[in-house]
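# Survey of secondary and tertiary structure
Here is how the chains run, residue by residue.
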Amino acid sequence: MFKLLKNLIKEPMFVIGSVLFLTTILAGLFGPFLYVSMPEGATYEAPSATYLLGTDNLGQDYVALLLKGLQNSLYVGFMAGIIATTVGTLIGLFGGFKGGIVDDILNMFTNLFIVIPSFVVLVLVSASWPEGRSLTLIAVLIGLTTWPWTARSVRAQAASLRGRDHISLARINGATNLEIIFKHILPYLASYVFMVFIMQVASGILSESAISMIGLGPIGEGSTSLGVILNTAKNNSAITDGYWWGIFPAAIVITMIVFALYLLNNSMEGVFNPRLRK
Amino acid sequence: MSHILEVKDLTLHYLTRFGQKIHAVTDVSFTMKQGEILGIAGESGCGKSTLVNGLMGLFIPPLYPTSGDVLVSGESLMNRTTKDIRTNILSQKVSMIPQGAFNALNPTRKIKDIAADVMAAHSENKSGNKREIYERLRERFDLFGMETDRILNSYPIQLTAGERQRSVIGISTLLNPKVVIADEPTSALDVTTQKVVIKMIFDLLEKNIFSTMIFITHELPLLRHVAHNIAIMYAGEFVECGTAVQVVHDPRHPYTKALMGAMLSADANQKNKKPTTIEGAPPSLAKKIEGCRFAERCPSARPECRNKNQNLRMVGERLVRCDYAE
Amino acid sequence: MFKKYPTVRYVLQRAIWYFLTFLVALSLNFFLPRLGSDPVDIMMAQSSFSSPEIRKQTEENLRKEFGLLVLDKQDSIVRDTVRSIVIDTVVNVVADTVIDEQGNVTLDSLGNVVVSERNETVINKHEKIEINAVKASKFSQLINYIGQVFQGDLGTSFKNQKKVSEIIAQALPWTIALQLPAILFGWIFGNGLGALAAYRRGVFDKVIFPLALLMSSIPFFVFGMVLVYFFGVVWDIFPAVGAYSLELTPGFSLDFILSIGYHYILPFFSIFLILAGGQAIGMRSMGIYELGTDYIKYAKWLGLKESRVLVYLFRNAMLPQLTGLALSIGQMVGGALITEMIFSYPGLGMAMLTAIQTNDYPVIQGVTLLITTSVLLANFTVDILIALLDPRVKQSLSMDAK
């Protein structure tokens, strides 16, 4: 474990990824509490000493909006990631380990929900949700539509472990299925599951921004997200009127988080799978 | 008579990501005459496979030549571009039969297309009439006494392990190479198939498709039947070189002796002999090694062995890298 | 069955599987909008009516339209006063009257309503509407819906009374014209780049890899916005919105076609480049994996031409990439549809956005159904392609048949 970390620190991709990611996490966690928002100004005021990133269509301070949006986007991303990873890992582990008819059924479900686009499910549910869609609702929806990806890859890994000697040995020694899964299979997959989790967080953040972009994002006081900021800017023609500060900061922040997560994932893949290095 | 293959003090190294040099092959020298079969034996990781790349002049990073020379019919393979080696040496002068034919054939290509690719890569007229190529292929594969048409028109997955290995041998020797290097061509095959493959190699030798061969294996007894001369490799060095009879029946280097002791024999008069094991592992090649490389594991090592570099010397009409061998 | 023709058997098996998946997707398409609440309730709450009669009529029509009521053979509502549906709706009435604690309007001594502009009040009036019709069960609603879909009837838009199938027929060509080439070329370009990066490594890889990784981190629509801002607004090189100049009348004139091409460039590149980035990343790691395989080493030992080795590499690494494309095509199409919205491109994405903004459920459902269907079709096609292209899969098919 320690050696892995040592190898990781030698990877420039990992270092850049972690620095970017820690920066966004810290900004998202503490930014909204530490930053004192400026009073409302004029509509679309250009960046200045008072408003570092200008104001939006309602004259709100963009720095405050961005920090809050970042916080909420990270919340949705992590929440969706945790749900998708937990559900997917359990289903994948169980199916891959059990094999037989249980695996066939679980695998059929997984494949079914992989080919039915999660985007469609998100749109259909969000569009008809009766009252205010909360951040949590959106996160849960994303998590519940993206788990098949985790299940699919975890299943393949678990199935390949099933035939290993130490598993057979444990089975002969009378270990229960649950014991084998949690004691002998999960630890082997831990690094793998973690990498999948990172990708799920990234895809959660992207999904949230996409669903917000079509006007089905979270509604309510203080639930602005990076996607909502972009959508509001677009609806108030910030692009065509040349108010770049309405789009670019939020666009850069989204890209940064996702890029950081991709960097982390790729550098870890390189260390766990030495073939990709050199 | 001139030598068909001449290897002079060949030293090869790998360059790691952190700029470290790992000398996988050190000071290897030998010569081969037309029609000679040389066996090279040693444990896995002793540098056999690295040596193969060096003998073909194929240096793909991170493998680099450190020093020494390889001459094929007097023509040096050193300091040449990969493209030059590819078009003028490989398949034509030096060819290679790899181990594990199961994976050596492109799974999405038919045997005849892989073979045609080899011909196209080395033919003068670039266009190369397809029908002509297949005609030549058929002739060659007919020599092997296999179902030529079925095999040529199959994807690797449709063939048995033996058929695959024989296809590989056919493809590797398609252009009548001067020297063939067979890297463990029979390991990972069952005994019957092993025999078929060996027989095919001898058929080809008989029919003069090729005549000079380096046969690499970790099975010493097999070499006794196949090779004229045998070289034993340990930690990147040749430790004993002699005729097959000398090396197998009368080994002099402690490592060769240990290696022979580690072999299980079907010989009746050796029934009661227990196989011995060689304790320990070969030294790491990442560091500069002082003294004899086998000293750590040698049953008859003396204190001075650890500091004193050993050189090949004549012992009982063969070369041994041990000052105390008799 | 079909034991002699494993490939045919496989195609049939897949076809059946995808058909069943389609039925599940249809059910989801039907039930999901009804998960939170009745779509009709939402629509009714957002509309205002001049009289209760019109309100009742509209509600009845909507419920009929949604298949929520039992209909007879002539498609008219089955009336039943006993099992009538009572709907409790909330009506917001803004009044400038003075209201006492009981919610009653205060009258002055002459019996006139006391009017006070300062005391504007919102009264939540509960109104009960009674429709003497029989509510259809959820299951019969679903069967009804599936039947309609198979007849090509996707319902009627609430907003302009157009057939949903007509709206889709108008938008679909634009979406196909934009997305199919962008996804196809993006896939080819990205994979070529990825294979080269894997094969060449060195400086080429050191530049391409991080760049492709960065590109794949940008959402389609964000990149679209950036392109519009620079090329459409700041430098004003390309048009920012639309699929053609509105001054031209659509037709087969040269001007019109040129205008289409001119408007095509930005949306095309905003999908193409991002997609290519993601594909390059995938292909690179597949390629590096394939490079380490024995057959590539053997090909090099045989002295095959570099271009030939690259073809081996590309072809074999492409197969898993093709499966990857099929699996992620749903996400891609979703992302690309949002790109249409950025450019106000008159495709399905725009149709869906308009429908979402106006709660036009039949249109939303129609578009989502179409997306699902095309994704399923794409997957089916790739499954068959792989079986034809990969001898290993083909071989396992004939093994299964035995």
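## Things to note about the overall build of chain B
Counting its regular elements, chain B contains 11 helices and 12 strands. A globule of 326 residues ought to have a C-alpha radius of gyration of about 20 Å, and chain B, at 21 Å, matches this closely. C-alpha extents for chain B along the principal axes are approximately 70 × 50 × 45 Å. Burial statistics for chain B: of 326 residues in total, 41% are counted as buried.

## A look at the overall build of chain C
A count of helices and strands for chain C gives 14 helices and 2 strands. The proportion of buried residues among the 402 residues of chain C is 39%. Contacts in chain C between residues far apart in sequence, at least 24 positions, make up 72% of those at least 6 positions apart.

## What to know about the packing of helix α6 (residues 164-200) of chain C against helix α13 (residues 361-389) of chain C
To characterise two packed helices, one gives the angle between the axes of the helices and the distance between these axes. Residue and element names in this part refer to chain C. One way to put it is that α6 packs onto α13 with a least axis distance of 9 Å and a crossing angle of 55°. Classified by the angle between their axes, α6 and α13 sit oblique to one another. Here α6 and α13 pass one another in a crossing that is right-handed. Residues V164, I167 and I168 of α6 touch α13, and the partners they reach there are P362, V363, G366, V367 and L370. In terms of residue class, the contact of α6 with α13 is made up of 7 nonpolar, 1 polar and no charged.

## Some points on the interface of chain C and chain A
Taken together, the contact between chain C and chain A spans 50 residues of the former and 40 residues of the latter. Within the side of chain C that touches chain A, the residues separate by chemical class into 33 nonpolar, 16 polar and 1 charged.

## Comments concerning the pairing of strand β7 (residues 179-183) of chain B
Residues and elements named next belong to chain B. By the criterion of burial, β7 is predominantly enclosed, with 5 of the 5 residues buried. Taking every second residue as pointing to the same face, both faces of β7 are buried, with V179, I181 and D183 on one and V180 and A182 on the other. In the sheet, β7 pairs with strand β8 (residues 212-217) via 5 bridges, with the strands oriented parallel. Within β8, the position partnered with V180 by the bridge is M213. Taken together, β7, helix α8 (residues 191-206) and β8 form a β-α-β motif whose crossover is right-handed.

## Section: the nonpolar core
What tends to happen in soluble globular proteins is that the nonpolar side chains get buried as a cluster. Core analysis: the biggest nonpolar cluster contains 258 residues, and I247 of chain A, I232 of chain B together with M225 of chain C have the highest contact counts within it. Here M225 of chain C is in contact with I239, I247 and A251 of chain A together with I342 of chain C, once residues within four sequence places are set aside. Judged by nonpolar contacts, the second largest core, of 8 residues, contains V40, L62, L68 and L69 of chain C.

## As for the environment of G349 of chain C
Looking at the secondary structure, you find G349 of chain C in helix α12 (residues 348-357). Each C-alpha atom, one on G349 of chain C and one on I338 of chain C, is 6.0 Å from the other, the two residues being 11 residues apart in sequence.

## Re the sheet that holds strand β2 (residues 21-32) of chain B
All names here are of chain B. If you walk across this open sheet you meet the 4 strands as β2-β1-β4-β5, and the pairing is antiparallel. Looking at strand neighbours, the two that pair on one side only are β2 and β5 (75-76), the edges of this open sheet. Here strand β1 (residues 5-15) runs beside β2; their pairing, made up of 8 bridges, is antiparallel. Paired with H13 across the two strands is H23, which belongs to β2.

## Quick notes on helix α5 (residues 138-150) of chain C
With 13 residues, α5 of chain C extends 18 Å between its outermost C-alpha atoms, agreeing within 8% with the 18 Å of an ideal straight helix rising 1.5 Å per residue. Just beyond α5 of chain C, the residue with positive phi is G152 of chain C, at close to 80°.

## Some words on helix α4 (residues 52-65) of chain C
All names here are of chain C. With 14 residues, α4 ought to run about 20 Å at 1.5 Å a step, and its terminal C-alpha atoms sit 20 Å apart, in line with that. Residues E59, L62 and R63 constitute the buried set of α4. Buried residues along α4 cover an arc of 95° about the axis, so they all sit on one side. Facing away from the buried side of α4 by over 90 degrees, the exposed positions are E53 and I54.

## Some details on the sheet that holds strand β10 (residues 237-243) of chain B
All names here are of chain B. On the basis of which strands lie adjacent, the open sheet formed by 8 strands has the order β6-β7-β8-β3-β9-β10-β12-β11 and mixed pairing. Bordering the open sheet on either side are β6 (94-97) and β11 (313-315), each of which pairs with just one other strand. Direction aside, the axes of adjacent strands within the sheet are offset by 25° on average. Across 5 bridges, the pairing between strand β3 (residues 37-41) and β8 is parallel. The residue of β8 that forms the bridge with I37 is M213. This element, helix α7 (residues 161-172), spans β6 and β7 of the sheet and lies at about 175° to β6.

## A few points about unusual backbone geometry
The phi torsion at N79 of chain B lies on the positive side, around 55°, for a residue other than glycine. Within the secondary structure, N79 of chain B is located in the loop between β5 and α2 (82-88). C-beta crowding within 10 Å serves as the criterion here: with 9 such atoms nearby, N79 of chain B is assigned to the exposed category. At S344 of chain C, a position not held by glycine, the phi torsion is positive, near 45°. Within the secondary structure, S344 of chain C is located in the loop between α11 (306-342) and α12.

## A short note on the packing of helix α10 (residues 248-272) of chain A against helix α8 (residues 220-234) of chain C
Running from N to C, α10 of chain A and α8 of chain C point in directions that differ by 140°, and their axes come no closer than 10 Å. The orientation of α10 of chain A with respect to α8 of chain C, classified from their angle, is oblique. Considering only the axes of α10 of chain A and α8 of chain C, their crossing is left-handed. Judged by residue contacts, A251, I254 and T255 of chain A of α10 of chain A engage V222, M225 and V226 of chain C from α8 of chain C.

## Remarks on the confidence of the model for chain C
Across chain C, the average pLDDT comes to 82, with 83% of residues at or above 70. At the level of chain-chain contacts, confidence expressed as ipTM amounts to 0.88, with global pTM at 0.82.

## Remarks on the environment of I116 of chain A
As for its placement among the helices and strands, I116 of chain A is situated in the loop between α4 (100-115) and α5 (118-128). Sequence-wise, I116 of chain A and T145 of chain A are 29 residues apart; in three dimensions their C-alpha atoms are separated by 9.3 Å. Sequence-distant contacts of I116 of chain A, defined by excluding residues within four places in its chain, comprise V121 of chain A together with A25, L28 and T372 of chain C.

Conventions and cut-offs
- Counting of residues starts from 1 at the beginning of each chain's written sequence and follows it residue by residue.
- Just so you know, chain letters begin at A and ligand numbers begin at 1, following the order they were written in.
- Local features in this predicted model are restricted to residues of pLDDT 70 or higher, and side-chain atom pairs are both shown and tallied only at a pLDDT of 80 or more, whereas totals for entire chains, interfaces and linings draw on every residue.
- A helix here means a DSSP run of H or I that spans at least four residues, while a strand means a run of E at least two residues long, and both kinds are numbered starting from the N terminus.
- Only C-alpha atoms enter the radius of gyration, while the globule expectation follows 2.2 Å times N to the 0.38, with N the number of residues.
- Exposed residues have 12 or fewer other C-beta atoms within 10 Å of their own C-beta, buried residues have 20 or more, and residues in between are partly exposed; the C-beta atoms are placed from the backbone.
- Whether two residues are in contact depends on their C-beta atoms, placed from the backbone: they are in contact if these lie within 7 Å.
- What counts as an axis is a line fitted to C-alpha atoms, over the stretch in contact for a helix, and the angles between N-to-C directions run from 0 to 180 degrees.
- Any angle that falls under 35 degrees is termed roughly parallel, while one over 145 is termed roughly antiparallel, one within 65 to 115 roughly perpendicular, and all others oblique.
- Should the near helix be turned anticlockwise from the far one by less than a right angle, the crossing is termed left-handed; should it be turned clockwise, right-handed.
- Each residue is assigned to one of three groups, with Ala, Val, Leu, Ile, Met, Phe, Trp, Tyr, Cys and Pro labelled nonpolar, Asp, Glu, Lys and Arg labelled charged, and all others, Gly among them, labelled polar.
- The rule for pairing is simple: two strands pair if DSSP sees at least two bridges between them.
- Classification remark: right-handed applies to a crossover when, strands pointing away from the viewer, the course from the first strand over the helix to the second runs clockwise.
- Here, a nonpolar core means buried Ala, Val, Leu, Ile, Met, Phe, Trp, Tyr and Cys residues linked by C-beta atoms lying within 7 Å of one another.
- A helix is expected to reach a length of 1.5 Å times the quantity of its residues less one.
- By construction, the arc corresponds to the directions joining the helix axis to the C-beta atoms.
- The predictor reports its confidence for every residue as pLDDT, a score running from 0 up to 100.

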